[in-house]
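Observations on chain architecture
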Amino acid sequence: MKPKGRHPEKALSAVRIRSVRKPGRYTDGNGLYLVVDPSGAKRWMLRTVVRGKRCDIGLGGASWVSLAEAREKALQLRKIARSGGDPLSERRKAEAMPTFTELAEQIHQSKSPEWRNEKHAAQWISSLRTYAVPKIGWRRIDEIDTNQVLTVLRPIWTEKPETASRVRQRLEAVLDYAKAIGKRHGDNPARWRGHLDQLLPRPSKVKVVEHHAALDWRKLPPFMAELWAREGIAAKALAFTVLTAARSGEVRGMRWSEIDIG
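Criteria and thresholds
Residues numbered from 1 in each chain as written. Predicted model: local features only at pLDDT ≥ 70, side-chain atom pairs only at ≥ 80, totals over all residues. Heavy atoms only, no water. Helix = DSSP H or I, 4+ residues; strand = E, 2+ residues; numbered from the N terminus. Rg over C-alpha atoms; globule rule 2.2 N^0.38 Å. Buried < 20%, exposed > 50% of the residue type's maximum accessible area, 1.4 Å probe, protein only. Contact = heavy atoms within 4.5 Å. Lys, Arg positive; Asp, Glu negative; His and termini not counted. Charge placed at Lys NZ, Arg CZ, Asp CG, Glu CD. Expected span 1.5 Å × (residues − 1). Pairing = 2+ DSSP bridges. Axes fitted to C-alpha atoms, helices over the stretch in contact; angles between N-to-C directions. Parallel < 35°, antiparallel > 145°, perpendicular 65-115°, else oblique. Nonpolar A, V, L, I, M, F, W, Y, C, P; charged D, E, K, R; others polar. Phe/Tyr/Trp six-rings, centres within 6.5 Å; stacked < 30°, edge-to-face > 60°. Lys NZ or Arg CZ within 6 Å of the ring centre and 35° of its normal. Patch = residues over 30% accessible without salt bridge, like charges linked within 9 Å, V, L, I, M, F, W, Y side chains within 5 Å. Areas by Shrake-Rupley, 256 points an atom, 1.4 Å probe, with all protein chains shown as cover. Salt bridge = Lys/Arg side-chain N within 4 Å of Asp/Glu carboxyl O.

Brief notes about the overall build of the protein chain
Counting secondary structure elements, the protein chain contains 11 helices and 4 strands. Taken against the 2.2 N^0.38 rule, which gives 18 Å for 262 residues, the C-alpha radius of gyration of the protein chain at 28 Å runs more than 25% over that of a compact globule. Each of the three principal axes of the protein chain carries a C-alpha extent, and together these read 90 × 60 × 35 Å. Considering the protein chain as a whole, with its 262 residues, one finds that 33% of them fall into the buried category. Long-range contacts, defined as pairs at least 24 residues apart, comprise 45% of the intrachain contacts of the protein chain with a sequence gap of at least 6. Here the protein chain contributes 50 positively and 29 negatively charged side chains, and the mean placements of these two sets differ by 7 Å.

Right under this line is the structure:
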């Protein structure tokens, strides 16, 4: 007999998941279960109805899929099932979808023979590995949208406008390639005209940041000796800045009470 009363919802907690040891199934509600195997391994399972038949769908081990992630996965699969789709088929499609990194490397290999020289080919993929992969490399290629493109570009758009412009062009190329092989649909979120040109300043109008030249470390000892020999607070403040790596504004505005000489 089915238990009377309302079905539980969000019955599990992170503490409960860590502490449970007895083999069995522990419901979280809405068909989501934590399964504890006799070996002690813990995994997630969704029990739902797919086209009139009961179906158990594994959602991954509890050691790497969090409770929140399991609930989100279960919700997505239940929606597919309720609309008459096959959540197992949809999940297999999602798992087969390449990541940004995978397609960036793939297009790099396929296009390298037509580039002018090996240096250019190396720079093409190196810029993506440096600026794009840490931000969006793990994402499925069909999930990348304008927000993710901006996450890559905004930190370097005004600091390194020439590099940023090249990275944008290469992002656009990877996403166009994904569309060409059937892994994406719709407009390219990295396109410039009529899209990013409304969200970012034109590269030609960005003022290039000019940094002060750095002192060669081998010249530091005589430089410091000259600072100590000079009279006045400015020389002492500069020496303090060099020795502590403090920000110049902090040094200019500091008070004696903020310094622990002892």
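Following the structure, the description resumes.
Looking at the side chain of Asn188
Along the polypeptide, Asn188 turns up in the loop between α8 (161–180) and α9 (220–229). With residues near it in sequence (within four places) discarded, Asn188 still touches Glu172, Leu175, Asp176 and His195.

Describing α8
Over its 20 residues, α8 extends 28 Å from the first C-alpha to the last, a length consistent with the 28 Å expected when each residue adds 1.5 Å. Phi turns positive, to about 80°, at Gly182, one or two residues after α8.

A word on the pairing of strand β2 (residues 32–36)
Counted residue by residue, β2 has 5 buried out of 5 residues, so it is predominantly covered. Because side chains alternate across β2, one face comprises the buried residues Leu32, Leu34 and Val36, and the other comprises Tyr33 and Val35, equally buried. Where strand β1 (residues 24–29) lies against β2, 5 bridges are found, and the strand directions are antiparallel. Note that in β2 the partner of Gly29 across the bridge is Leu32. Where β1 folds back on β2, the antiparallel hairpin that results is connected by 2 residues, among which Asn30 adopts a positive phi of roughly 60°. Taken together, the 5 bridges between β2 and strand β3 (residues 42–50) define a ladder with antiparallel strand orientation. Pairing of Val35 across the sheet is with Arg43, part of β3. Between β2 and β3, which follow one another and run antiparallel, lie 5 residues, and Gly40 among them has a positive phi close to 100°.

Regarding the sheet that holds β1
The 4 strands are arranged β1-β2-β3-β4 in an open sheet whose pairing can be described as antiparallel. Only two strands of the sheet have a single partner each, and these edge strands are β1 and β4 (53–61). Ignoring which end each strand starts from, the neighbouring axes of this sheet average 30° apart. Set on the sheet, helix α2 (residues 67–82) makes contact with β1, β2, β3 and β4; between it and β3 the angle comes to about 15°.

A closer look at the packing of helix α4 (residues 100–111) against α8
A pair of packed helices can be characterised by two numbers: the angle between their axes and the separation between those axes. Where α4 contacts α8, the axes come no closer than 10 Å and their chain directions differ by 95°. Relative to α8, α4 is oriented roughly perpendicular. Side by side, α4 and α8 meet where Phe100, Leu103, Ala104, Gln106, Ile107 and Ser110 of the first sit next to Leu171, Ala173, Val174, Tyr177 and Ala178 of the second. Tallied by class, the residues present in the contact of α4 with α8 amount to 9 nonpolar, 2 polar and no charged.

So, the packing of aromatic side chains
Scanning all chains against the criterion turns up 1 aromatic pair. On the numbers, 5.6 Å between centres and 25° between planes, the contact of Trp157 with Trp192 is stacked. Of the two residues, Trp157 is situated in helix α7 (residues 146–157) and Trp192 in the loop between α8 and α9; the sequence distance between them amounts to 35 residues. Neither residue differs from the other here; Trp157 and Trp192 are each classed as buried. One Lys or Arg, Arg25, reaches over the ring of Tyr33 and ends 5.0 Å from the middle of that ring.

Some points on the packing of helix α5 (residues 118–131) against α8
The geometry of α5 relative to α8 is characterised by a closest axis approach of 10 Å and an angle of 90° between their N-to-C directions. Regarding the angle of α5 to α8, the classification is roughly perpendicular. Of the residues in α8, those in contact with His120, Gln123, Trp124, Ser127, Leu128 and Tyr131 of α5 are Thr163, Val167, Arg170, Leu171, Ala173 and Val174. The residue makeup of the contact of α5 with α8, split by class, is 7 nonpolar, 4 polar and 1 charged.

A look at a nonpolar patch on the surface
On the surface, Leu215, Leu220, Leu238 and Val242 cluster together into a nonpolar patch covering about 290 Å² of accessible area. Looking at where Leu238 falls in the secondary structure, it is placed in helix α10 (residues 233–244). For Leu238, a relative accessible area of 38% gives the class partly exposed.

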